[in-house]
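Fold and geometry: a report
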Amino acid sequence: MWMVKCPFITGIMLAIVWDEYLTGPFGLIAQYSLLKEHEVEKMFTLKGSRLPAADVKNIIFFVRPRLELMDIIAENVLSEDRRGPTRDFHILFVPRRSLLCEQRLKDLGVLGSFIHREEYSLDLIPFDGDLLSMESECAFKECYLEGDQTSLYHAAKGLMTLQALYGTIPQIFGKGECARVRTSCFLVAKEGPFTPQKGARTGSSQVANMMIRMKREFTGSQNSIFPVFDNLLLLDRNVDLLTPLATQLTYEGLIDEIYGIQNSYVKLPPEKFAPKKQGDGGKDLPTEAKKLQLNSAEELYAEIRDKNFNAVGCVLSKKAKIISAAFEERHNAKTVGEIKQFVSQLPHMQAARGSLANHTSIAELIKDVTTSEDFFDKLTVEQEFMSGIDTDKVNNYIEDCIAQKHSLIKVLRLVCLQSVCNSGLKQKVLDYYKREILQTYGYEHILTLHNLEKAGLLKPQTGGRNNYPTIRKTLRLWMDDVNEQNPTDISYVYSGYAPLSVRLAQLLSRPGWRSIEEVLRILPGPHFEERQPLPTGLQKKRQPGENRVTLVFFLGGVTFAEIAALRFLSQLEDGGTEYVIATTKLMNGTSWIEALMEKPF
């Protein structure tokens with residue numbers, strides 16, 4: 001825990017000032033009650049001007065290495081110095097120390113006020129039993145727009161921690177430039193120090209040379225832990241740009257699309273959750289958003305989270321009947337023993353009823369959106385693009401959305417989706433969209449369009465060739481007949497479209513990537529396989545019927561629909577593989593586009 005890494009705070013009452021973005025990820029690791037046991041008296045969110053009053057000697061700032069945050073910290077420190085008495089300040093950078101940030105503090109005249117300047121390496125955070133995330137909000141932008149590989153190095157460090165805990169992973173597969181680069185970082189993290197390079201373009205030959213050198217120089221002690229994972233699959237987000245742009249259609253995916261899930265919590269409109277009382281006429285409705293935690297610890301949510309939304313209503317209806325029948329059992333309890341047994345089950349039954357009420361309300365909120373005409377029209381256009389229909393000309397619905405000044409992010413997602421499904425847009429179509437967007441939403445968004453083009457999301461078609469139909473047919477990305485209630489294929493998560501990334505993971509497991517060599521050459525970046533030798537006695541002898549365990553690491557972000565598809569594959573009786581998911585960021589199309597947008601000055 002961070003207390004061990006910061007011995008200077010032991011035994012002293014202190015206050016923590018949090019970078020607001022970090023409160024969510026750290027909340028998954030340590031609640032306030034636990035921090036209070038370790039002398040944390042007060043906790044504040046980092047804001048300008050003076051800090052709230054607190055009777056503590058030590059103040060610790062937990063912050064990301066962002067220059068704009070240094071300005072706020074300096075304002076806090078200077079105001080505290082004027083307030084008196086003297087306090088001791090400390091700063092912890094997450095996940096790494098920054099010389100630029102320290103220079104900014106020096107320029108602002110407060111660097112000397114910090115007794116300790118340290119870093120806390122927060123690599124992989126557990127979100128669920130099969131899900132880990134770094135929650136690095138800018139990893140994709142840093143890698144693909146800025147050429148900064150630092151987040152890849154931290155991903156490698158996180159994987160090294162996993163290997164230290166769960167054994168060396170014998171086989172590493174990867175697809176994409178960052179995956180190739182990250183393998184080199186992975187080996188370097190195992191072998192020795194690595195300095196991330198900003199702006200470096202790493203070719204596969206350079207990476208291969210680095211890996212060979214690191215293997216040759218490795219003289220460290222062998223990991224003696226029996227390996228839990230059989231394979232590691234590294235997937236670049238830019239190998240599959242299509243999937244995050246499409247609207248997720250699982251229950252969890254739609255919650256994220258409509259309301260946004262942040263660190264396993266969602267904030268929902270309060271009116272659907274207000275207790276209904278007779279005769280009050282709807283007065284005194286709550287105004288504060290309803291905040292709910294969403295993870296598999298909740299039995300009902302674990303059952304419905306990965307289902308297509310069209311299958312959720314049936315499950316909720318069955319649950320309601322079961323719970324109602326369970327409460328009716330009280331009338332059949334005659335003896336003292338039967339009454340005691342019913343009473344002992346009551347807390348679980350009441351929790352189940354509360355859970356059912358919450359998810360019924362959430363389902364009603366989602367249904368209000370999914371039954372709207374606009375949602376249907378948007379989904380129809382998305383599915384036409386993904387199935388290869390009319391991807392090479394200006395789309396009427398997108399034109400209407402721009403003319404009616406719908407959300408810019410909605411428009412950009414659709415235009416980018418069309419571009420990806422056509423291997424780029426014809427120049428005159430691309431120019432038309434750009435002109436309409438800039439004239440409608442403002443010329444300040446020209447920087448955003450440039451970022452999208454640099455990321456490969458919105459680009460002109462080169463060579464006059466559309467490779468998407470070949471990819472779609474070979475990988476079976478579009479399925480016309482989808483059983484949403486009892487699915488037999490991963491395409492249920494998008495009601496027809498099978499996530500390309502997950503299809504690659506499925507085909508790697510069986511029959512192997514050699515069967516799709518042509519498509520792998522079309523997709524961006526190299527594909528590769530590396531082996532990590534295991535000490536004698538640690539080779540796994542598989543029992544009949546025993547599944548392999550594959551860790552799939554998404555570099556650049558993953559959606560809840562992709563996670564649902566991998567869980568579906570894990571549950572297949574004849575699948576042969578169980579999947580654990582790790583990523584740099586949990587995301588959806590909206591948060592992804594937002595991260596690539598340039599804020600107007």
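Just so you know, these numbers come straight off a predicted model, no measurement behind them.

1. A look at the overall build of the protein chain
- The helix and strand inventory of the protein chain stands at 24 helices and 15 strands.
- Within the span of the protein chain, comprising 601 residues, buried residues form 51% of the whole.
- Here the analysis covers contacts within the protein chain between residues at least 6 apart in sequence; of these, 79% occur between residues at least 24 apart.
- If you sum the accessible surface of the protein chain, you get close to 28500 Å²; carbon and sulfur atoms cover 51% of it.

2. What to know about the environment of Leu425
- Considering the arrangement of structural elements, one finds Leu425 in the loop between α17 (408-420) and α18 (427-441).
- Residue contacts for Leu425: discarding those within four places in its chain leaves Thr391, Val415, Gln418, Ser419, Leu430, Tyr433, Leu458, Lys459, Pro460 and Gln461.

3. Observations regarding the sheet that holds strand β5 (residues 114-119)
- Taken in spatial order, the 5 strands make up an open sheet running β2-β1-β3-β4-β5, and their pairing is parallel. The sheet is open, and its two edges are formed by β2 (40-45) and β5, each paired on a single side. The mean inter-strand angle of the sheet, taken between neighbouring strand axes irrespective of direction, is 20°.
- Of the pairings in the sheet, the one linking strand β1 (residues 14-18) to β2 comprises 5 bridges and is parallel in character. Bridge assignment links Trp18 to a residue of β2, and that residue is Thr45.
- Set on the sheet, helix α4 (residues 67-83) makes contact with β3 (58-63), β4 (88-93) and β5; between it and β3 the angle comes to about 170°.

4. Description of the side chain of Asn422
- One can find Asn422 in the loop between α17 and α18.
- Contact partners of Asn422, with chain neighbours within four places excluded, come to Thr391, Asp392, Gln461 and Asn466.

5. Here's the deal with the confidence of the model for the protein chain
- Scored by pLDDT, the protein chain comes out at a mean of 86, with 87% of its residues at no less than 70.
- Considering only residues more than four positions removed or in separate chains, one finds that residues 1-5, a stretch of pLDDT under 50, has 14 contacts.
- Note that residues 191-219 has pLDDT below 50 and, in this model, 47 contacts with residues that lie over four places away or in other chains.

6. Thoughts on the pairing of β1
- Of all the 5 residues making up β1, 5 are buried; the element is thus mostly covered by neighbouring parts of the structure.
- Side chains Leu14, Ile16 and Trp18 project from β1 onto one buried face, and the interleaved Ala15 and Val17 project onto a second face that is buried too.
- In the sheet, β1 pairs with β3 via 5 bridges, with the strands oriented parallel. Among the inter-strand pairings, Trp18 is bridged to a residue of β3, identified as Phe62.

7. Some details on the pattern of salt bridges
- Here the structure, examined in full by the defined rule, presents 26 salt bridges.
- The partner of Glu102 in a salt bridge is Arg97, and the shortest N-O contact between them spans 2.5 Å.
- Judged by relative accessible area, which is 8%, Glu102 ranks as buried.
- Across the pair Arg305 and Glu252 runs a salt bridge, and its minimum N-O distance is 2.8 Å. You can see Arg305 sitting in the loop between α12 (299-304) and α13 (312-328) and its partner Glu252 sitting in helix α11 (residues 251-258), a full 53 residues away along the chain. Accessibility classification places Arg305 together with Glu252 in one group, the buried group.
- The network of salt bridges with common partners includes Asp128, Asp130, Glu252, Arg305, Asp306 and Arg567.

8. Examining the nonpolar core
- One finds Leu457, Leu504 and Phe553 to be the most contacted residues of the largest nonpolar core, which totals 143 residues.
- The leading source of residues in this core is α17, at 9 residues.
- Those residues within four positions of Leu504 in sequence are excluded, and the remaining contacts are Leu235, Val239, Leu475, Trp513, Ile516, Leu520 and Leu523.
- Leu51, Ala54, Phe93 and Phe114 belong to the second largest nonpolar core, which has 23 residues in total.

9. Comments concerning the side chain of Asp123
- Structurally, Asp123 can be placed in the loop between β5 and β6 (125-128).
- Among the polar contacts made by the side chain of Asp123, one reaches the side chain of Ser121 at a distance of 3.1 Å.
- With sequence-adjacent residues up to four places away left out, Asp123 is seen in contact with Ser133, Met134, His154, Lys157 and Gly158.

10. So, the packing of aromatic side chains
- Per the counting criterion, the structure on display carries 15 aromatic pairs.
- When the centroid spacing of 5.3 Å and the interplanar angle of 80° are considered together, the rings of Phe140 and Trp592 count as edge-to-face. Taken together, the positions of Phe140 in helix α6 (residues 139-144) and Trp592 in helix α24 (residues 589-596) put the pair 452 residues apart, joining distant regions of the chain.
- With relative accessibility at 5%, the residue Phe140 sits in the buried group.
- Pairing Tyr494 with Tyr497 gives two aromatic rings, centres 5.5 Å apart and planes at 65°, and the pair type is edge-to-face. Grouping residues by exposure puts Tyr494 and Tyr497 together as buried.
- An aromatic cluster of at least three residues, connected via ring pairs, comprises Trp18, Phe26, Phe62 and Tyr120.
- The ring of Tyr265 has Lys291 sitting right over it, with the charged end atom 4.9 Å from the ring centre.
- Stacked on the ring of Phe327, the Lys or Arg Arg353 has its end atom at 4.1 Å from the ring centre.

11. Examining helix α19 (residues 446-454)
- Those residues of α19 that sit buried are Thr448, Leu449, Asn451 and Leu452. Across the axial projection of α19, the buried residues extend over an arc of 160°, all falling on one side.
- Just downstream of α19, Gly456 is the residue with a positive phi angle, here 90°.

Cut-off values and rules
Residues numbered from 1 in each chain as written. Predicted model: local features only at pLDDT ≥ 70, side-chain atom pairs only at ≥ 80, totals over all residues. Heavy atoms only, no water. Helix = DSSP H or I, 4+ residues; strand = E, 2+ residues; numbered from the N terminus. Buried < 20%, exposed > 50% of the residue type's maximum accessible area, 1.4 Å probe, protein only. Contact = heavy atoms within 4.5 Å. Areas by Shrake-Rupley, 256 points an atom, 1.4 Å probe, with all protein chains shown as cover. Pairing = 2+ DSSP bridges. Axes fitted to C-alpha atoms, helices over the stretch in contact; angles between N-to-C directions. pLDDT = per-residue confidence, 0-100. Salt bridge = Lys/Arg side-chain N within 4 Å of Asp/Glu carboxyl O. Core = buried A, V, L, I, M, F, W, Y, C linked by side-chain atoms within 4.5 Å. Polar contact = N/O pair within 3.5 Å; in protein donor to acceptor, adjacent residues only side chain to side chain. Phe/Tyr/Trp six-rings, centres within 6.5 Å; stacked < 30°, edge-to-face > 60°. Lys NZ or Arg CZ within 6 Å of the ring centre and 35° of its normal. Arc of directions from axis to C-beta.

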